[in-house]
2 protein chains.
Amino acid sequence: MIEKFVLGKPFETFATVERLTPSEGEIPFFTTIDKGFFYKLSDNDIVYGLGEQVGGINKRGKKYISRNSDNPHHQEDTLSLYGAHNFLIISGEELFGVFFDYPGFMEFDIGYTNRDELTITAENMDMDVYIITGNSERDIVKQFRKLIGKSYIPPKWAFGYGQSRWGYKCEEDIREVARRYRENNIPLDSIYLDIDYMEDYKDFTVNKEAFPDLKGLCEDMKKEGIRLVPIIDAGVKIEKGYSVYEEGVEKGYFCTDREGNPFIAAVWPGRVHFPDFLDPKAREWFGDKYSVLLDMGIEGFWNDMNEPAIFYSEKRLNEVLERINELGKKNMGISEFFEFTGIVNGLSNNEGDYDEFFHNVGEKSVPHCRLHNLYGFNMTKAAGEAFERLSPDKRILMFSRSSYIGAHRYGGIWQGDNKSWWSHLLMNMQMTASLNMVGFLYTGADTGGFGCDTTEELMLRWLQLSVFMPLMRNHSALGTREQELYRFRNCEDCKKMIEIRYGLIPYLYSEFMKAATNDDMMFRPLGFDFKDEAARNTEDQVLLGSELMLAPVCTRNAKGRYVYLPEEMLLIRMRSLEDYDCEPLPKGHHYVKADLKELIFFIRKGKAIPVGKSAKNTESLDSDHLSLLGYEGAEYELYEDDGISRNVMGSIRKIKNKPYCRMTTS
Amino acid sequence: MIEKFVLGKPFETFATVERLTPSEGEIPFFTTIDKGFFYKLSDNDIVYGLGEQVGGINKRGKKYISRNSDNPHHQEDTLSLYGAHNFLIISGEELFGVFFDYPGFMEFDIGYTNRDELTITAENMDMDVYIITGNSERDIVKQFRKLIGKSYIPPKWAFGYGQSRWGYKCEEDIREVARRYRENNIPLDSIYLDIDYMEDYKDFTVNKEAFPDLKGLCEDMKKEGIRLVPIIDAGVKIEKGYSVYEEGVEKGYFCTDREGNPFIAAVWPGRVHFPDFLDPKAREWFGDKYSVLLDMGIEGFWNDMNEPAIFYSEKRLNEVLERINELGKKNMGISEFFEFTGIVNGLSNNEGDYDEFFHNVGEKSVPHCRLHNLYGFNMTKAAGEAFERLSPDKRILMFSRSSYIGAHRYGGIWQGDNKSWWSHLLMNMQMTASLNMVGFLYTGADTGGFGCDTTEELMLRWLQLSVFMPLMRNHSALGTREQELYRFRNCEDCKKMIEIRYGLIPYLYSEFMKAATNDDMMFRPLGFDFKDEAARNTEDQVLLGSELMLAPVCTRNAKGRYVYLPEEMLLIRMRSLEDYDCEPLPKGHHYVKADLKELIFFIRKGKAIPVGKSAKNTESLDSDHLSLLGYEGAEYELYEDDGISRNVMGSIRKIKNKPYCRMTTS
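As a starting point, this report considers the structure included with it.

### Considering the overall build of chain A
Okay, step 1: Within chain A, the secondary structure is distributed over 14 helices and 39 strands.
Okay, step 2: In terms of overall dimensions, chain A is globule-like: its C-alpha atoms have a radius of gyration of 25 Å, near the 26 Å expected for 666 residues.
Okay, step 3: For chain A, the C-alpha atoms occupy an extent of roughly 80 × 65 × 55 Å along the three principal directions.
Okay, step 4: For chain A, the residues scored as buried account for 66% of the 666 residues in total.
Okay, step 5: Within chain A, contacts between residues separated by at least 24 positions form 74% of all contacts whose residues are at least 6 apart in sequence.
Okay, step 6: With an accessible surface of roughly 21900 Å², chain A has 47% of that area assigned to carbon and sulfur atoms.

Right under this line is the structure:
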């Protein structure tokens, strides 16, 4: 059951799609405190949720702030990432979910200041609060997901492996990536275009020198079975003669400053204005621009920098330069020095800048900070709505960096700029389960890590998680070690993981589609299905569908890892699609060996999954000849459709051939 | 066996105390490459060593640079910490140790660029290389330790619990800490004085307003059984009339710039000069200054900021301000903006500044960068040598932030400014074992974490490791959550951990002294004693002495953890000195429950440890009435001495009363 409570005068976020009649009276479970809510935690309560946040599956023992932030350096004590997803499930003494539909900044102190206290505060109390009760965590999620609407479904090719790098400078770089993947017989479905394909980082333009014929390139790549996926950034470059800029100014589609002029910030293109995506007309206008690239044969995009990230605002930069000038005149002391470095480091993504610009909402001008967390959502919505108009029959790939609940209806998200860190590999898995709760099914992290130099070992281990992620993209930053798979000495090991991915795509797509069409989760914490203490407290394993449990190796130099089995399962140790062992393991704690070249995962008792052969890309997959891997006698219901049409009336096919697993004899 | 190879013209570091006759011919094991050395790693080789570095017990799969750095924000990909310890043991196909006695910057690529390649490079090849072969890792360490000389031994009271915080502003703050610890009956041996006790951060001065009578305070505290431990920083404030400054200038004891004038950097006091600790006369002069505080009754010190940390150098700051002025004149574009923030962020600890000052070594002027890693060592040496002169009978506590091998003869080190992060708790344990290899026995990390806000849970779990660390200090940074133990709601839980510490001090002191006098390790990786694959690859457990195995809980919200037992051991689950269980566990992998209030550790087969009662401080401990905890029939040889005299002719007492462990029945 979902009860809705309306506090004050909430801003309409469009996070939900069902219109509930608000309940009168007190919000259950919580005590209302000044600008917030309080809940007393019991010793064994687990707090799930918050979508994209650093902090594990159980969110206790940490503080979090919903304030979408461009934070590529996130680490253990980071308070905010790129998305804001104010949904929690408290599971223990009581069981309920709660969604605070509030687009401003909000703080969650989950047993942080005091171990047994959950305190949630916001800048004001204008919000809708939804309390969801149900007979299980999963039931609560499903009710909630029905409330917020069906999740975005990408084309099936988006389940293929993609290669990306900030640093591909020209057409030849792209062709080289394609060529070398094909030369090495590594499957590949997509190559991403980061900011350098644009002319001076201007949205919807192409650098004609570097990419003289993007349309032709696009066609050539498609012949190779590879799709190009360009980036679109939020900020529109201020440049006389640039049509997007000029139209936006003329029609008043940009966010404005206190004086009513378009607000000036700086990001990659230098000075930019921010489209007012909260304004439906601006959204439609911006969305239509994607046709420039769609018309070239592009079928997918990623929206970036849409927290929005601000390197600096014109006004603040001038103030800072002025102050530095003053400070520099006298002999700078230590406190002046710290002021100096402090104001310089405070220039980027300064919260104060979010007070300085305004959205045109209905007849009102609303300061950005009041609805900050909606910005990326509405940029994605602009794209998603446009694709429905511009490509009514064919699904278009769309994922975004920034998000709010509701954005999941229009696109997926990648988990933002991360690092080549082992801790970020673990976080990738943990976050995916939390994101599934709030509707983001099409998601994944930059495999191998975006910032910092990766290693072959980290890449292999990360691939062993990413083979299961809907979005499987290898992406890295300018200046870091190149990490296209063919660059590694033992490229063959990486290739086998990609081939395993392609063998699993029929299953993964099927599970994705079942979750998407049933408002269900593809990835779940163990505690959602198993109620024993050990399962509830497992932080480094997740369930996939009804069939699998994932337990990737997330540490350096490991020869294996500990795994908790909440029931008997089949351990699969896979070196390639042809070379693997199966070993039934009883319920309990196990140390499982996992050589660097071995993908390990578990098939749940009585279950089996379909596995096919690899292919050079998704379209070439042969889904007619699938074998079952798993328990003797198990069946699997495979969801299938054309992978293209928006009308997702797929069919279910029962697969019940004899499982092809080889039992180990030891 | 140790072989010494002299390459080029090494700088005399005084890392070693034995003078070996250099071998002629090729360095074994390694291939010499341009400016470095190469070794081919086998799949199962483990690389131990490097002392204070981020990267676990097995150092493979990462890159490291020996370049002492003030880096309080260190994380997974950090290359350098506060110390430089160029010692490795390669254990696998072959077994040998190597020490590169080289005080400049040096890089270790340990299977990072390529998994099977160890590449070590330096800026030049003027160095002594020692190759150590032996019949075990521990044997190699013992030979190496004999080469580098006996480890520093602190007074016994330094094994008590200490409270510190950057932020105690005045006498009353110190008295309050003492009062509240005593009121709560929490044992305490020391309170640390961070930079605020000084007048304007000037070494060897006291802020007379805040601390009108430090000598009196020191006496009052000693009546309470508490010692004060002040900080000493490397930089000497430039201030007319300040005697340390004026003498240093007059006598030429400061490092000089290219023009031969004292080099100007800025740290806490603002503009400072750096004493030239490489000059024996300067060392003696600076060392004698500690008498100012010794004469007030102070018996311990910590040396800080001695990498040396540089907030900025006068010259670079002026250049940066000038450049900002230029950049600010035109409309700053994105590349100018990144240049602007880049040069500002490059001001602190800029490597280029280390080229800009010089040491007076013999008759020569040597650029600092050539011997950078010796600076902290020689500051510690200045103190250590002075204490031998000024306090010939009584040990003085000394530990430093920066270090090089050799410094271990003059003082301990704390593990530098860390964070209230779970990953830093694990690192604390891993680093301690690595530091023991290179002679740093008196060590520990800031319990609860220095930077960021701690939580009660993290503090409790960290205490459960720190109870075993020779240096057990709770320390935190200005602006972070106050973390004196009495500030937590469940202060009683923390108190019990401190009481356990005091019950263990007889054992810990005994093990420390045995290790110090026998050139042995107090903490060892499991792979040093056990040769099976699982033991060799265990990263989150260490052995303590011959009796214990530590396996602290290092993750949030954990109800227990996995532990590998390389042989049968006794699991001790201790809630207080009076309330504990013992459970024998067989060799193998186990999941061990550990409630937040439970300290878990393991007693090795056939062993027992002495446990006493708690006391308000170390001096009040009753070491005549110790019980044995462990296996039936086991004995323990307790090392004892007065804990004060420099002459460490202690005695061994056999303890063989009946072990008092209660076996659990389940």
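### A look at the relation of the copies chain A and chain B
What relates the two chain copies is a rotation about an axis together with a slide along it.
Okay, step 1: Overlay of chain A on chain B (RMSD 0.0 Å): rotation 180°, translation along the axis 0.0 Å. On the angle and the small slide along the axis, the relation comes out as a two-fold axis.
Okay, step 2: Interface overlap between copies is the fraction of interface residues in one copy that are interface residues in the other; for chain A against chain B it reaches 100%, indicating a shared surface.

### Concerning the pattern of salt bridges
All names here are of chain B.
Okay, step 1: Summed over the entire model, instances satisfying the criterion amount to 115 salt bridges over all chains.
Okay, step 2: For Glu 356, the salt bridge goes to Lys 315, with nearest N and O atoms at 3.2 Å. Highlighted residues: Glu 356 in the loop between α8 (334–345) and β20 (358–361) and Lys 315 in helix α7 (residues 314–329), separated in sequence by 41 residues.
Okay, step 3: On the accessibility criterion, Lys 315 (48% relative accessible area) is partly exposed.
Okay, step 4: The residue Lys 597 makes a salt bridge to Asp 493 at a minimum N-O spacing of 3.9 Å. Here Asp 493 lies in helix α13 (residues 491–517) and Lys 597 lies in the loop between β34 (588–593) and β35 (599–604), a separation of 104 residues in the sequence.

### Brief notes about the sheet that holds strand β8 (residues 95–101) of chain A
All names here are of chain A.
Okay, step 1: Taken in spatial order, the five strands of this open sheet run β1-β11-β8-β7-β4, and their pairing is antiparallel. At either margin of the open sheet sits one strand with a lone partner, and together these are β1 (2–7) and β4 (46–49). The mean angle between the axes of side-by-side strands here comes to 20°, regardless of whether they run parallel or antiparallel.
Okay, step 2: Taken together, the four bridges between β4 and strand β7 (residues 87–91) define a ladder with antiparallel strand orientation.

### Comments concerning α13(B)
In an α-helix, one turn spans 3.6 residues; hence positions three or four apart end up facing the same way.
Residue and element names in this part refer to chain B.
Okay, step 1: A rise of 1.5 Å per residue sets the reference length of α13, with its 27 residues, at 39 Å; its end C-alpha atoms lie 37 Å apart and thus fit the reference within 8%.
Okay, step 2: Taken as a whole, α13 carries its principal kink of about 50° at Leu 504; the proline Pro 506 stands between one and four residues after it.
Okay, step 3: Burial analysis of α13 places 23 of its 27 residues in the buried class, the great majority of the element.
Okay, step 4: Immediately beyond the C-terminal end of α13, within one or two residues, lies Asp 519, with a positive phi of roughly 50°.

### Brief notes about the interface of chain A and chain B
Okay, step 1: Taken residue by residue, the interface counts 66 residues in chain A and 66 residues in chain B.
Okay, step 2: Carbon and sulfur atoms make up 53% of the surface buried where chain A meets chain B, a total of about 5500 Å² over both sides.
Okay, step 3: It is Glu76(A), Arg115(A) and Tyr562(A) that lose the most area in chain A upon contact with chain B, and together they represent 13% of the buried surface on that side.
Okay, step 4: Summed over the shared surface of chain A and chain B, the result is ten salt bridges.
Okay, step 5: Where Glu533(A) meets Lys593(B), a salt bridge forms, and the shortest distance between an N and an O atom there is 3.8 Å.
Okay, step 6: Secondary-structure elements contributing two or more residues to the side of chain A that touches chain B are β16 (265–267), β17 (270–273), α7 (314–329), α8 (334–345), α10 (422–437), α11 (456–466), β31 (560–565) and β34 (588–593) of chain A.
Okay, step 7: Per element, the largest residue contribution to the side of chain A that touches chain B is seven residues, and it comes from α8(A).

### Section: the state of the cysteines
Residue and element names in this part refer to chain B.
Okay, step 1: Per the stated rule, a full pass over the model turns up zero disulfides over all chains.
Okay, step 2: With no disulfide of its own, Cys 452 lies 17 Å from the sulfur of Cys 554, the closest cysteine sulfur.
Okay, step 3: Residue class for Cys 452 comes out buried when judged on its relative accessible area of 17%.
Okay, step 4: Cys 491 takes part in no disulfide bond, and the closest cysteine sulfur to it belongs to Cys 494, at a distance of 6.3 Å.

### Notes on the side chain of Asp45(B)
Residues and elements named next belong to chain B.
Okay, step 1: Among the secondary structure elements, Asp 45 is positioned in the loop between β3 (36–40) and β4 (46–49).
Okay, step 2: One buried charge, Asp 45, has no salt-bridge partner; the nearest side chain with opposite charge is Arg 60, at 5.2 Å.
Okay, step 3: A distance of 2.9 Å separates a polar atom in the side chain of Asp 45 from the backbone nitrogen of Ser 42.

### Remarks on the environment of Arg653(B)
All names here are of chain B.
Okay, step 1: Its place among the elements puts Arg 653 in strand β39 (residues 651–655).
Okay, step 2: Among the residues examined, Arg 653 registers a relative accessible area of 27% and is labelled partly exposed.
Okay, step 3: The sequence separation of Arg 653 and Ser 402 amounts to 251 residues, and the corresponding C-alpha distance is 37 Å.
Okay, step 4: Those residues in contact with Arg 653 that lie beyond four places of it in its chain are Ser 623, Asp 624, Leu 626, Tyr 636, Glu 637, Leu 638 and Glu 640.
Okay, step 5: Side-chain polar atoms of Arg 653 contact the backbone oxygen of Ser 623, separated by 2.6 Å.

### Quick look at the pairing of strand β10 (residues 117–122) of chain A
Along any regular strand the residues' side chains alternate between the sheet's two faces.
Residue and element names in this part refer to chain A.
Okay, step 1: Taken together, the five bridges between strand β3 (residues 36–40) and β10 define a ladder with antiparallel strand orientation. Pairing of Lys 40 across the sheet is with Glu 117, part of β10.
Okay, step 2: Bridge analysis of strand β9 (residues 106–110) against β10 gives five bridges, and the strand direction is antiparallel. Looking at the pairing, Asp 109 lines up with Thr 119 of β10.
Okay, step 3: Hairpin geometry of β9 and β10 is characterised by an intervening segment of six residues between the two adjacent antiparallel strands and by a positive phi of about 65° at Gly 111.

The rules behind these values
- Residues numbered from 1 in each chain as written.
- Chains lettered and ligands numbered in written order.
- Predicted model: local features only at pLDDT ≥ 70, side-chain atom pairs only at ≥ 80, totals over all residues.
- Heavy atoms only, no water.
- Helix = DSSP H or I, 4+ residues; strand = E, 2+ residues; numbered from the N terminus.
- Rg over C-alpha atoms; globule rule 2.2 N^0.38 Å.
- Buried < 20%, exposed > 50% of the residue type's maximum accessible area, 1.4 Å probe, protein only.
- Contact = heavy atoms within 4.5 Å.
- Areas by Shrake-Rupley, 256 points an atom, 1.4 Å probe, with all protein chains shown as cover.
- Least-squares fit on C-alpha atoms with pLDDT ≥ 70 in both.
- Salt bridge = Lys/Arg side-chain N within 4 Å of Asp/Glu carboxyl O.
- Pairing = 2+ DSSP bridges.
- Axes fitted to C-alpha atoms, helices over the stretch in contact; angles between N-to-C directions.
- Expected span 1.5 Å × (residues − 1).
- Bend = angle between axes of the 7 residues up to and from the residue.
- Buried area = accessible area lost by both parts, 1.4 Å probe.
- Disulfide = S-S within 2.5 Å.
- Lys, Arg positive; Asp, Glu negative; His and termini not counted.
- Polar contact = N/O pair within 3.5 Å; in protein donor to acceptor, adjacent residues only side chain to side chain.

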